[in-house]
Amino acid sequence: MSFSGRVKEELSYQTGVAMHCRIAEIAAILSLCGKVNIDENGKVSVKIHTENLAVSRKYFTLVKKTYNIDCDIAIRSHIHTGKSRSYILDVKDDYAARKILSSVKFMNGDGNFERDYTQVDSLILRKACCKRAFLRGAFLCAGSISEPEKTYHFEIVCITPERAWQICDMMKTFDIEGKYITRKKYHVVYIKEASQIVDILNVMEAHVSLMELENIRILKEMRNSINRRVNCETANISKTVSAAVKQIEDITYIRDTVGFSELTDGLREIAQIRLDYPEASLVELGKLLSTPVGKSGVNHRLRKLSMMAEELRTGN
């Protein structure tokens, strides 16, 4: 099972203790994958259609626990399309359907729709715990999260921009900056920062998945830190070796053309020591001198030798 699937599996067993939280989560599920039908006799029914077993299980549990209402369940196979199954949960009883729609503020006391049922009334989301439940339901229905070993990406796909902005606003109440983008005909709220994804998992109360993500994140950061250090050390070694090779070439050229007799005592000594100890660092070379000098002093003398060699090569 993918990491996204494991998160949804964990969330499917989370049900709010308070009724208002369960109603907020039902509102999220209905607004994102629900459909309301009214027949020619004015009878109302409400159903959800999902390809995720976790969503169907969660919705069935919420409706049963909140209203003591059973849903009719239908399972469809899609062998010809390559998809496994889809689940349809239908509340066909008019009284039960109206009870559900009224509680989530999709229908008023007169039996009329207050607004487009894909929008959720702010009264449902007054409390922080209800916002948590709503975000949990929204992710279950229309969310996904990438494999953290590869990349960090969390998103919830919405049909309307108003729903996307509503989810962004809810995230802000928990100091999470969800970003919004239009992708074809859909409106996507997404998060790419690992720390913010950890926060949203905490908000949705997916604590087991949160710990799994944190463990992966720590290992990745340690691995990246080690790689950066190794790369830095490798680069420094390469730079040191290249500089030493160039210094030895210059000193050898001076020795083979004019000899060391033309050099001052200090330059002659550092030139001979560099030839004798080709792998030594500048600090080590400085300690080998008859009168030890620091790294900058050694570097100064070697630079003078390189300039002398260059002048001999160019004939200046």
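As a starting point, this report considers the structure included with it.

What counts, and where the lines are drawn
Residues numbered from 1 in each chain as written. Predicted model: local features only at pLDDT ≥ 70, side-chain atom pairs only at ≥ 80, totals over all residues. Heavy atoms only, no water. Helix = DSSP H or I, 4+ residues; strand = E, 2+ residues; numbered from the N terminus. Buried < 20%, exposed > 50% of the residue type's maximum accessible area, 1.4 Å probe, protein only. Contact = heavy atoms within 4.5 Å. Areas by Shrake-Rupley, 256 points an atom, 1.4 Å probe, with all protein chains shown as cover. Lys, Arg positive; Asp, Glu negative; His and termini not counted. Charge placed at Lys NZ, Arg CZ, Asp CG, Glu CD. Expected span 1.5 Å × (residues − 1). Pairing = 2+ DSSP bridges. Axes fitted to C-alpha atoms, helices over the stretch in contact; angles between N-to-C directions. Polar contact = N/O pair within 3.5 Å; in protein donor to acceptor, adjacent residues only side chain to side chain.

### What to know about the overall build of the protein chain
Piece 1. Helix and strand content of the protein chain: 11 helices and 8 strands.
Piece 2. Taken over the C-alpha atoms alone, the protein chain extends approximately 115 × 45 × 35 Å along its principal axes.
Piece 3. Burial status across the protein chain gives 43% buried among its 316 residues.
Piece 4. Counting only contacts in the protein chain whose residues sit at least 6 apart along the sequence, the fraction spanning at least 24 positions is 61%.
Piece 5. When the accessible surface of the protein chain is totalled, it reaches about 17400 Å², and 53% of it is carbon and sulfur.
Piece 6. Each charge class in the protein chain was averaged separately, 47 positive and 40 negative side chains, and the resulting centres sit 4 Å apart.

### As for helix 6 (residues 161-172)
Piece 1. Counted at 1.5 Å a residue, the expected span for helix 6 with its 12 residues is 16 Å, and the 17 Å between its end C-alpha atoms agrees.
Piece 2. Those residues of helix 6 not exposed but buried are R163, A164, Q166, I167, C168, M170 and M171.
Piece 3. Of the surrounding secondary structure, the elements contacted by the buried residues of helix 6 are helix 2 (19-33), helix 5 (128-142), strand 6 (154-158), strand 7 (179-183), strand 8 (186-191) and helix 7 (194-203).

### A word on the pairing of strand 6
Consecutive residues of a regular strand have side chains that alternate between opposite faces of the sheet.
Piece 1. Most of strand 6 is tucked away, with 4 of its 5 residues classed as buried.
Piece 2. Looking at chain direction, strand 5 (residues 143-145) and strand 6 are connected through 3 bridges and run antiparallel. Its bridge partner being in strand 6, G143 is matched across the sheet by I156.
Piece 3. By the bridge criterion, 5 bridges tie strand 6 to strand 8 in an arrangement that is antiparallel. Its bridge partner being in strand 8, I156 is matched across the sheet by V189.

### Some remarks on the sheet that holds strand 6
Piece 1. Read from one edge of the open sheet, 4 strands run 5-6-8-7, paired in antiparallel fashion. Edge positions in the open sheet fall to strand 5 and strand 7, since each of these has one partner strand only. Averaged over all neighbouring strand pairs, the angle between strand axes comes to 25°, with direction disregarded.

### Some points on the side chain of S86
Piece 1. In this fold, S86 is placed in strand 4 (residues 83-91).
Piece 2. A polar contact of 3.3 Å, which involves the side chain of S86, links it to the side chain of H49.

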